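Fold and geometry: a report
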Amino acid sequence: EFRRVLFRSDTTGGGFGEGVAESNEFLLWNYNVSSSALRTEHTKYLKEKVLTATRWPTILSADPDLKVAIVGGASSTGGAAITTPLSVARADNLKAALVSGGIDGKRIVTSGVGSRHPFADETSSENMAKNRRVEAFLFRPTKRVASQPG
(Lines give C-alpha, C1' and ligand atoms only; values in the text may rest on other atoms or scores of the structure.)
Protein backbone atom coordinates (compact mmCIF):
# COMPACT_ATOMS: atom_id res chain seq x y z
CA GLU A 1 0.00 0.00 0.00
CA PHE A 2 1.27 3.48 -0.78
CA ARG A 3 0.19 7.05 -1.15
CA ARG A 4 1.60 9.62 -3.51
CA VAL A 5 3.54 12.46 -1.95
CA LEU A 6 4.41 15.95 -3.12
CA PHE A 7 1.80 15.60 -5.84
CA ARG A 8 1.59 18.00 -8.72
CA SER A 9 0.31 16.98 -12.09
CA ASP A 10 3.01 16.62 -14.73
CA THR A 11 1.05 15.10 -17.57
CA THR A 12 0.68 17.90 -20.08
CA GLY A 13 2.62 18.28 -23.27
CA GLY A 14 3.92 16.51 -26.29
CA GLY A 15 3.81 12.87 -25.37
CA PHE A 16 6.38 12.68 -22.62
CA GLY A 17 5.12 14.52 -19.59
CA GLU A 18 6.33 18.08 -20.17
CA GLY A 19 5.09 20.07 -17.23
CA VAL A 20 5.87 21.92 -14.05
CA ALA A 21 9.50 21.72 -12.98
CA GLU A 22 8.81 20.98 -9.33
CA SER A 23 6.52 18.01 -9.91
CA ASN A 24 7.33 14.67 -8.31
CA GLU A 25 5.19 12.67 -10.68
CA PHE A 26 5.50 12.20 -14.40
CA LEU A 27 3.97 10.30 -17.27
CA LEU A 28 5.79 9.09 -20.36
CA TRP A 29 3.46 8.11 -23.18
CA ASN A 30 3.47 7.46 -26.89
CA TYR A 31 5.61 4.32 -26.78
CA ASN A 32 5.82 2.58 -30.11
CA VAL A 33 3.25 -0.20 -30.57
CA SER A 34 4.53 -3.50 -29.11
CA SER A 35 7.70 -1.83 -27.83
CA SER A 36 9.00 -1.31 -24.32
CA ALA A 37 12.00 0.78 -25.38
CA LEU A 38 12.24 4.35 -24.18
CA ARG A 39 12.00 6.84 -27.01
CA THR A 40 14.58 9.57 -27.52
CA GLU A 41 12.21 12.21 -26.14
CA HIS A 42 11.61 10.07 -23.03
CA THR A 43 15.35 9.84 -22.33
CA LYS A 44 15.78 13.58 -22.91
CA TYR A 45 12.91 14.33 -20.51
CA LEU A 46 14.44 12.12 -17.81
CA LYS A 47 17.84 13.79 -18.10
CA GLU A 48 16.48 17.34 -18.19
CA LYS A 49 13.53 17.17 -15.78
CA VAL A 50 13.82 14.17 -13.45
CA LEU A 51 17.44 13.15 -12.94
CA THR A 52 18.88 16.63 -12.48
CA ALA A 53 20.76 17.31 -9.25
CA THR A 54 17.88 19.32 -7.79
CA ARG A 55 15.12 16.83 -8.55
CA TRP A 56 14.57 13.18 -7.68
CA PRO A 57 18.12 12.25 -6.62
CA THR A 58 18.17 15.11 -4.09
CA ILE A 59 14.63 14.53 -2.85
CA LEU A 60 15.29 10.81 -2.37
CA SER A 61 18.63 11.31 -0.61
CA ALA A 62 17.01 13.81 1.78
CA ASP A 63 14.20 11.42 2.73
CA PRO A 64 15.22 7.75 3.06
CA ASP A 65 11.59 6.66 3.51
CA LEU A 66 10.51 7.79 0.04
CA LYS A 67 10.37 5.27 -2.76
CA VAL A 68 9.64 5.39 -6.49
CA ALA A 69 6.67 3.57 -8.02
CA ILE A 70 6.54 2.88 -11.74
CA VAL A 71 3.38 1.53 -13.33
CA GLY A 72 3.44 0.47 -16.97
CA GLY A 73 0.39 0.47 -19.22
CA ALA A 74 -0.55 -0.51 -22.73
CA SER A 75 -3.27 0.06 -25.29
CA SER A 76 -5.67 -2.80 -25.87
CA THR A 77 -3.90 -3.90 -29.06
CA GLY A 78 -3.12 -7.59 -28.77
CA GLY A 79 -5.04 -8.66 -25.67
CA ALA A 80 -3.92 -9.36 -22.09
CA ALA A 81 -1.42 -12.09 -22.99
CA ILE A 82 0.58 -9.44 -24.84
CA THR A 83 -0.25 -6.18 -23.06
CA THR A 84 0.44 -7.28 -19.49
CA PRO A 85 4.04 -8.46 -20.04
CA LEU A 86 4.63 -5.47 -22.33
CA SER A 87 3.48 -3.04 -19.62
CA VAL A 88 5.80 -4.74 -17.09
CA ALA A 89 8.71 -4.46 -19.55
CA ARG A 90 7.99 -0.74 -20.01
CA ALA A 91 8.10 -0.20 -16.25
CA ASP A 92 11.29 -2.27 -15.92
CA ASN A 93 13.00 -0.30 -18.70
CA LEU A 94 12.19 2.98 -16.99
CA LYS A 95 13.53 1.55 -13.72
CA ALA A 96 16.80 0.68 -15.50
CA ALA A 97 17.04 4.25 -16.82
CA LEU A 98 16.47 5.71 -13.34
CA VAL A 99 19.07 3.36 -11.84
CA SER A 100 21.60 4.33 -14.50
CA GLY A 101 20.78 7.96 -13.60
CA GLY A 102 21.80 7.39 -9.99
CA ILE A 103 18.64 6.27 -8.19
CA ASP A 104 19.04 3.20 -5.98
CA GLY A 105 17.14 0.32 -7.59
CA LYS A 106 16.15 -1.03 -4.16
CA ARG A 107 13.98 2.07 -3.75
CA ILE A 108 12.03 1.46 -6.97
CA VAL A 109 8.99 -0.79 -7.31
CA THR A 110 7.48 -1.63 -10.68
CA SER A 111 4.27 -3.14 -11.94
CA GLY A 112 2.33 -3.45 -15.15
CA VAL A 113 -1.41 -3.13 -15.63
CA GLY A 114 -1.62 -4.05 -19.31
CA SER A 115 -4.69 -2.40 -20.79
CA ARG A 116 -6.81 -2.87 -17.63
CA HIS A 117 -6.49 0.74 -16.44
CA PRO A 118 -6.48 3.02 -19.48
CA PHE A 119 -5.31 6.60 -19.18
CA ALA A 120 -7.61 7.62 -22.05
CA ASP A 121 -10.53 6.04 -23.86
CA GLU A 122 -9.44 4.22 -27.00
CA THR A 123 -11.65 6.03 -29.48
CA SER A 124 -8.70 7.36 -31.48
CA SER A 125 -5.12 6.45 -32.32
CA GLU A 126 -3.97 9.47 -30.30
CA ASN A 127 -5.73 8.15 -27.20
CA MET A 128 -4.36 4.66 -27.76
CA ALA A 129 -0.87 6.22 -27.83
CA LYS A 130 -1.57 7.80 -24.41
CA ASN A 131 -2.34 4.35 -23.03
CA ARG A 132 1.07 3.08 -24.18
CA ARG A 133 2.70 4.67 -21.13
CA VAL A 134 4.50 4.50 -17.82
CA GLU A 135 3.55 6.53 -14.78
CA ALA A 136 6.17 7.23 -12.14
CA PHE A 137 5.80 8.93 -8.79
CA LEU A 138 7.35 9.22 -5.38
CA PHE A 139 5.54 7.57 -2.52
CA ARG A 140 5.87 6.88 1.15
CA PRO A 141 5.03 3.30 2.10
CA THR A 142 2.27 3.04 4.67
CA LYS A 143 2.29 0.47 7.40
CA ARG A 144 -0.55 -1.99 7.43
CA VAL A 145 -2.20 -2.51 10.78
CA ALA A 146 -3.36 -6.06 11.42
CA SER A 147 -7.01 -6.24 12.34
CA GLN A 148 -7.69 -7.41 15.87
CA PRO A 149 -9.87 -10.49 16.33
CA GLY A 150 -13.37 -10.07 17.65
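The structure displayed is predicted, hence computed values, not measured ones. (Residues numbered from 1 in each chain as written. Predicted model: local features only at pLDDT ≥ 70, side-chain atom pairs only at ≥ 80, totals over all residues. Heavy atoms only, no water.)

What about helix H1 (residues 40-50)?
His42, Tyr45, Leu46 and Val50 are the residues of H1 that are buried. Buried residues of H1 fall within an arc of 100° about the axis and therefore sit on the same side. The exposed set on the far side of H1, more than 90 degrees from its buried face, consists of Thr40 and Lys47. Turning to H1, the residues buried within the fold contact strand E2 (25-29), helix H2 (56-62) and helix H3 (80-100). (Buried < 20%, exposed > 50% of the residue type's maximum accessible area, 1.4 Å probe, protein only. Helix = DSSP H or I, 4+ residues; strand = E, 2+ residues; numbered from the N terminus. Arc of directions from axis to C-beta. Contact = heavy atoms within 4.5 Å.)

Re the environment of leucine 51
Within the secondary structure layout, leucine 51 lies in the loop between H1 and H2. Sequence separation between leucine 51 and leucine 98 is 47 residues; the distance between their C-alpha atoms is 7.5 Å. If near-sequence neighbours (up to four positions away) are discounted, leucine 51 is found in contact with Leu46, Pro57, Ala97, Leu98, Gly101 and Ile103.

Description of empty space enclosed by the protein
In this structure the tally under the stated criterion is one cavity of 30 Å³ or more. Of the volumes computed, that of the largest cavity is approximately 50 Å³. In terms of lining, the largest cavity is formed by Val33, Ser34, Ala74, Ser75, Thr77, Ile82, Thr83, Leu86, Arg90 and Arg132. The residue makeup of the lining of the largest cavity, split by class, is four nonpolar, four polar and two charged. (1 Å grid on protein atoms, 1.4 Å probe; cavity = no way out; pocket = protein on both sides within 12 Å on 5 of 7 lines; lining within 4 Å. Points joined across faces, edges and corners; volume = space filled by probe spheres on them. Nonpolar A, V, L, I, M, F, W, Y, C, P; charged D, E, K, R; others polar.)

Comments concerning unusual backbone geometry
The phi dihedral of asparagine 30 falls on the positive side, at around 70°, and the residue is not glycine. Locating asparagine 30 in the fold gives a position in the loop between E2 and H1. We classify asparagine 30 as partly exposed; its relative accessible area is 25%. The residue serine 34 is not glycine, and still its phi comes out positive at about 60°.

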